Amino acid sequence: MTLDTPSAPDHLWDFAVAVYRCDGVPPACLYLQDQCAVDVPLLLAAGFAACTARQFDRVAYNALQDLAGNWQQQIVTALRVIRRHLKTGPHPAPNIVTESLRDKIKSAELAAEKIQIDLMQEAISGLASATRPATRDQLLSVLTMVVTAHHEQDLNAAENQSIALIADSMIAVQA
């Protein structure tokens, strides 16, 4: 993957956008969101922390969840639900008029995710430094911890593949 900038992103938003542009990442994130109830901005924040040599463990995860969880659930998820409903109904949706509304809600959802990411950026900046960025195995462990915190079942092969694809994309972005 080629980044627009010559160096690896040092801000969570830039990192999240760069990772999300990688092949296969959007469907992998949406799969984990839909199948495992994963908060994708939180997943990306955890990966960013690990990739930028911050210690990210269950305590750090809980702190981010406490900081941004209500915003994510009450605002981001609420906007997502409305946007998705407009795709299929209720009447008069979907039509050209409701599609315009859906696009506006999609923009608002993205803006709400950016607010969440900015909140988490501040918290990540305050995490203790690790001796070096996470290895692939450590990054997989961090991402798996986030997914399993939201999903109360054992992960299946497709979920593990999605996590691995996202982890590999994060490593490529940070390289």
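Here the structure is a predicted model, which means the values were calculated and not measured.

### Some words on the packing of aromatic side chains
Here is step 1: Enumeration according to the criterion identifies 1 aromatic pair in this entry.
Here is step 2: With a centroid separation of 5.3 Å and an interplanar angle of 55 degrees, the aromatic rings of Phe15 and Phe48 are classed as tilted. Here Phe15 is found in helix 1 (residues 12-20), whereas its partner Phe48 is found in helix 3 (residues 40-51), with 33 residues between them in sequence.
Here is step 3: Residue classification places Phe15 among the buried positions, given a relative accessible area of 0%.
Here is step 4: Residue classification places Phe48 among the buried positions, given a relative accessible area of 2%.
Here is step 5: The ring of Trp13 has Lys114 sitting right over it, with the charged end atom 5.4 Å from the ring centre.

### Re the packing of helix 3 against helix 6 (residues 136-150)
Here is step 1: Where helix 3 contacts helix 6, the two axes come as close as 9 Å, and the packing angle between them is 155 degrees. The orientation of helix 3 with respect to helix 6, classified from their angle, is roughly antiparallel. Between helix 3 and helix 6 lies a crossing whose hand is right-handed. Of the residues in helix 6, those in contact with Leu42, Leu43, Ala46, Gly47, Ala50 and Cys51 of helix 3 are Leu139, Val142, Leu143, Val146, Val147 and His150.
Here is step 2: The class makeup of the residues in the contact of helix 3 with helix 6 is 10 nonpolar, 2 polar and no charged.

Reading guide: rules and limits
- Residues numbered from 1 in each chain as written.
- Predicted model: local features only at pLDDT ≥ 70, side-chain atom pairs only at ≥ 80, totals over all residues.
- Heavy atoms only, no water.
- Phe/Tyr/Trp six-rings, centres within 6.5 Å; stacked < 30°, edge-to-face > 60°.
- Helix = DSSP H or I, 4+ residues; strand = E, 2+ residues; numbered from the N terminus.
- Buried < 20%, exposed > 50% of the residue type's maximum accessible area, 1.4 Å probe, protein only.
- Lys NZ or Arg CZ within 6 Å of the ring centre and 35° of its normal.
- Axes fitted to C-alpha atoms, helices over the stretch in contact; angles between N-to-C directions.
- Parallel < 35°, antiparallel > 145°, perpendicular 65-115°, else oblique.
- Left-handed = near helix turned anticlockwise from the far one by under 90°.
- Contact = heavy atoms within 4.5 Å.
- Nonpolar A, V, L, I, M, F, W, Y, C, P; charged D, E, K, R; others polar.

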